[in-house]
Amino acid sequence: LSRSTFVGSGTWVAHWLGDNFSNWSNLRKSIIGMLQFNQFGIPFVGADICGFIGDTEPDLCARWQQLGAFYPFSRNHNALGTIEQDPGVFGPEVAKITKDALMIRYSLLPFLYTLFYQHYTQGGTVARPLWHEFPRDSETRTIDDQFMWGKALMISPVLEKDATNRSIYLSPESRWYSVSEFFTIENFYEEPSGGRITYEAPLEVLPLHLRGGAAVPFQQPGLNTVESRKGGMGIMLPLDGNN
């Protein structure tokens, strides 16, 4: 694990984005850094979840844990002299939000590992900007607060304090299915249309959308990767425009 990297380092190392600050601005900017390093050929990358410098806050840490569960390299880390930021410190609500987000990550480890294998054998990115998948859609070119895992899964984290909804762009080039609650209560639905939508996202909700026509493997999550491999597996196959 290094924060001093160069062209070709992605063959050997993971990268973290350095000593960030525990604030909402750095939460948002971490997405840009993650996407840039994927384009540099260093896909195993992430920021210090909840922030490194300064004292974090419960709602900031909850939202950061949701986003951080989808960093390719996911780690909560802070500086000496700051308050504790283990999720349990902030009480049962933040602890549950963190657990739910990490259980989604563990559910999707077969998909994440597949993306890393494809990077290793073919090049490409693990986490990628929307314009990477929709280069002809001019709306995607300035979006830096949503991102994709591979071709299939779009993550749209909430990045503003006290926000209970957010604007999400769904490219009309694809069909989109909301899967924010699929891994907790097996609820999902197709969004009626593409373009800009307002998505309800109280503190416990991380907006997730699955792209029609993609295949996403998943597993029954356990408390660690060894236990997770002992459970059942499944695959999500949402329909595209060709049904």
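Residues numbered from 1 in each chain as written. Predicted model: local features only at pLDDT ≥ 70, side-chain atom pairs only at ≥ 80, totals over all residues. Heavy atoms only, no water.

> Just give me the short version of the environment of Glu-204, but keep the residues and values in it.
Tracing the sequence through the fold places Glu-204 in the loop between strand E11 (195-200) and strand E12 (208-211). Spatially, the C-alpha atom of Glu-204 lies 5.6 Å from that of Ile-97, the residues being 107 residues apart in sequence. Among all residues touching Glu-204, those that are not within four sequence positions of it are Gln-66 and Ile-97. (Helix = DSSP H or I, 4+ residues; strand = E, 2+ residues; numbered from the N terminus. Contact = heavy atoms within 4.5 Å.)

> So what about the nonpolar core? Which residues, and what values?
Among the nonpolar cores identified, the biggest contains 49 residues, and Phe-70, Leu-108, Phe-147, Trp-149 and Leu-153 are the most heavily contacted of them. No other element matches the six residues that helix H1 (residues 24-39) contributes to this core. Filtering out sequence-adjacent residues up to four positions away, Leu-153 remains in contact with Phe-70, Leu-108, Phe-111, Phe-147, Met-148, Val-179, Leu-208, His-209 and Leu-210. If you look at the next biggest cluster of nonpolar residues, it comprises 15 residues, including Leu-130, Leu-170, Ile-197 and Ala-201. (Core = buried A, V, L, I, M, F, W, Y, C linked by side-chain atoms within 4.5 Å. Buried < 20%, exposed > 50% of the residue type's maximum accessible area, 1.4 Å probe, protein only.)

> Describe unusual backbone geometry, naming the residues involved and giving the relevant values.
Positive phi, close to 65°, is recorded for Asp-162, a residue that is not glycine. On the basis of relative accessible area, Asp-162 is assigned to the exposed category, the value being 62%. The backbone of Glu-186 shows a phi angle near 55°, a positive value even though the residue is not glycine. Structurally, Glu-186 can be placed in the loop between helix H6 (182-185) and strand E10 (187-190).

> Explain the layout of surface pockets residue by residue, including any values.
Looking at the largest pocket, its volume works out to about 330 Å³. Lining the largest pocket are 13 residues, with Ser-107, Phe-183, Thr-184, Gln-220 and Pro-221 sitting closest to its centre. Broken down by element, the lining of the largest pocket gets its largest block of residues, four residues, from helix H3 (residues 92-107). Taken together, the residues of the lining of the largest pocket sort by class into six nonpolar, five polar and two charged. (1 Å grid on protein atoms, 1.4 Å probe; cavity = no way out; pocket = protein on both sides within 12 Å on 5 of 7 lines; lining within 4 Å. Points joined across faces, edges and corners; volume = space filled by probe spheres on them. Nonpolar A, V, L, I, M, F, W, Y, C, P; charged D, E, K, R; others polar.)

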